[in-house]
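Summary of structural features
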Amino acid sequence: MTLLLLLLHMNFVAAPADIPTLAPPTNVSIMSVNMRHTLRWRPLREPCSTTVLYSVQFQGEFELLVLNGSWVDAHECQVTARTQCDLTFDLGSDSDYNLRVKGRCGPLQSAWGQLDAPFNRRHTLLTPPEVTTTTVGDFLVLKFSQLPLTGNVIVMMWRRGEEQQAEVFTVPVEQKNLHVQLKDQKVHCFRVRTVLGEQLHSSNSETRCVSIKGPDSIWKALTVVTVATLVTAALLFIILWSVIHFKSGSCSWYFHKVVLPNSLRNDWDIIPPEVQEEEELRISMVTTSDPKDTKDWDLPTSGTGVASTGEPPGQTLWHSHT
């Protein structure tokens, strides 16, 4: 009897912890793009002195009909401070799912905030994949990104102006790239879309066109690089050989020394024409006159060309060579 009363008391004390005392999260919604499902909600409006933690549950048709309406915890979204939850791997079938979330502030918890209508992953929004292109010789390589976890990528490719003769390629999303060998160097265009099952598909991407250079472009590029490398190596070899084998005395054989003309030298004196003529006249008078006639003369030393004869002032004698 005492044990029964103790158990009843414990249940009575623990019961208030499960009773919702806070308002539920609001604006519960789900966004599904390319089969990636994200549940979002608004934070609790009541102030909380600690971090508010949230937990998410889901209920599929199996849980609803077979397991008597039970709910399953979303393992990646238990006691989390985030206000969103990735349910991509929890919603693994094409059945309808009910989703709900609640918050906890310390010992207090909120009521469940539930999605307004059941969600089915067949309502996901498929978008065309992102495509990057590269050319290797006559191969066109397409690489895809932003893909769903399952499905196929449909590629339509044609020569420009020949869309009616387009080729269609089906690429599983796990492959993520496509190699196409093109037989000519014309411009090729393509469009892509994502397909999931028979009815679910994305819209077509914008048409893109690329130019194929062909296999000869690779050999041309390699030839240019090879020739440039060989020429550079040959020039380096010649320079090194010349530095090693060039003798110091061989410079005179290649480069001859030329005597600098007098007109280019800077060690001669510049004599004005007037002074030069007077000097020549003085020398002429000295070398051609009779010594008897010139013994009493005072030869000019200043270069004036005038000789004194001892005559009275004003009388001068000029001698010239006849």
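Let us look at the structure shown here. (Residues numbered from 1 in each chain as written. Predicted model: local features only at pLDDT ≥ 70, side-chain atom pairs only at ≥ 80, totals over all residues. Heavy atoms only, no water.)

**What about the side chain of Thr 124?**
By secondary structure assignment, the location of Thr 124 is in the loop between strand S8 (113-114) and strand S9 (130-136). Of the polar contacts made by the side chain of Thr 124, one reaches the backbone nitrogen of Met 35; its length is 3.0 Å. Contacts of Thr 124, omitting those with residues within four sequence positions, involve Ser 32, Val 33, Asn 34, Met 35 and Leu 200. (Helix = DSSP H or I, 4+ residues; strand = E, 2+ residues; numbered from the N terminus. Polar contact = N/O pair within 3.5 Å; in protein donor to acceptor, adjacent residues only side chain to side chain. Contact = heavy atoms within 4.5 Å.)

**Section: the layout of surface pockets**
To find leftover empty space, a probe the size of one water molecule is rolled over the atoms. In this structure, the largest pocket spans a volume of roughly 210 Å³. Along the wall of the largest pocket there are 13 residues; nearest its centre are Arg 159, Glu 167, Gln 181, Leu 182 and His 188. Listing elements by their share of the lining of the largest pocket, those giving two or more residues are strand S11 (152-159), strand S12 (167-172) and strand S13 (177-181). A total of 3 residues in the lining of the largest pocket trace back to one element, the largest contributor, which is S11. Considered class by class, the residues forming the lining of the largest pocket number 5 nonpolar, 3 polar and 5 charged. Within this model, the second largest pocket holds a volume of roughly 160 Å³. Lining the second largest pocket are Met 35, Asp 94, Arg 121, Arg 122, Leu 196, Gly 197, Glu 198, Gln 199 and Leu 200. Along the lines of polarity and charge, the residues of the lining of the second largest pocket split into 3 nonpolar, 2 polar and 4 charged. (1 Å grid on protein atoms, 1.4 Å probe; cavity = no way out; pocket = protein on both sides within 12 Å on 5 of 7 lines; lining within 4 Å. Points joined across faces, edges and corners; volume = space filled by probe spheres on them. Nonpolar A, V, L, I, M, F, W, Y, C, P; charged D, E, K, R; others polar.)

**Description of the nonpolar core**
With 20 residues, the main nonpolar core has Leu 39, Trp 41, Val 56, Cys 85, Leu 87, Leu 91 and Leu 99 as its most contacted residues. Where this core is concerned, the elements lending two or more residues are strand S3 (53-59) and strand S6 (98-105). Sequence-distant contacts of Leu 39, defined by excluding residues within four places in its chain, comprise Val 28, Ser 29, Ile 30, Val 56, Thr 83, Gln 84, Cys 85, Leu 87, Leu 99 and Leu 115. Counting 18 residues, the second-largest nonpolar core is a separate cluster that includes Leu 142, Val 173, Val 180 and Ile 212. (Core = buried A, V, L, I, M, F, W, Y, C linked by side-chain atoms within 4.5 Å. Buried < 20%, exposed > 50% of the residue type's maximum accessible area, 1.4 Å probe, protein only.)

**Quick look at the sheet that holds strand S5 (residues 84-86)**
What holds strands together in a sheet is hydrogen bonding between their backbones, with the strands either parallel or antiparallel. If you trace the 3 strands from one edge of the open sheet to the other, you get S1-S2-S5, paired in antiparallel fashion. For this open sheet the edge positions go to strand S1 (29-33) and S5, each flanked by a neighbour on one side alone. Neighbour-to-neighbour, the strand axes of this sheet turn through a mean angle of 20 degrees, independent of strand direction. Inspection of the sheet shows strand S2 (residues 36-40) paired to S5 by 3 bridges, in the antiparallel sense. (Pairing = 2+ DSSP bridges. Axes fitted to C-alpha atoms, helices over the stretch in contact; angles between N-to-C directions.)

**Notes on the pattern of salt bridges**
Summed over the entire model, instances satisfying the criterion amount to 3 salt bridges. A salt bridge links Glu 163 to Arg 191; its shortest N-O distance comes to 2.9 Å. Taken as a pair, Glu 163 in the loop between S11 and S12 and Arg 191 in strand S14 (residues 187-196) lie far apart in primary sequence, 28 residues in all. (Salt bridge = Lys/Arg side-chain N within 4 Å of Asp/Glu carboxyl O.)

**Some thoughts on the sheet that holds S9**
Strand order in this open sheet of 3 strands is S9-S10-S13, and the pairing throughout is antiparallel. Each edge of the open sheet carries a strand with a single partner, namely S9 and S13. Across the sheet, the axes of successive neighbouring strands diverge by a mean angle of 20 degrees, strand direction being ignored.

**Quick word on unusual backbone geometry**
One non-glycine residue, Asn 68, adopts positive backbone phi at about 60 degrees. Inspection of the secondary structure puts Asn 68 in the loop between helix H2 (61-65) and strand S4 (72-73). The phi torsion at Val 79 lies on the positive side, around 50 degrees, for a residue other than glycine. The topology assignment puts Val 79 in the loop between S4 and S5. For Val 79, a relative accessible area of 55% puts it in the exposed group.

**Remarks on the side chain of Ser 202**
Within the secondary structure layout, Ser 202 lies in the loop between strand S15 (200-201) and strand S16 (208-211). Under the relative-accessibility criterion, Ser 202 is labelled buried at 4%. Apart from the residues within four sequence positions on either side, Ser 202 is in contact with Leu 126, Thr 127, Pro 128, Arg 193 and Thr 194.

**Re the packing of aromatic side chains**
Going through the model one piece at a time under the given rule, you end up with 2 aromatic pairs. Ring centres 6.1 Å apart and planes at 65 degrees place the aromatic pair Phe 58 and Tyr 97 in the edge-to-face group. Residue Phe 58 is found in strand S3, and its partner Tyr 97 is found in the loop between S5 and S6; the two are separated by 39 residues along the sequence. Judged on exposure class, the residue Phe 58 and its partner Tyr 97 are both buried. Of note, Arg 100 hangs over the ring of Trp 71, and the distance from its end group to the ring centre comes to 4.1 Å. Taking NZ or CZ as reference, Arg 100 lies 4.1 Å from the ring centre of Trp 112, over its face. (Phe/Tyr/Trp six-rings, centres within 6.5 Å; stacked < 30°, edge-to-face > 60°. Lys NZ or Arg CZ within 6 Å of the ring centre and 35° of its normal.)

Without other data, these values stay purely geometric and don't point to any function.
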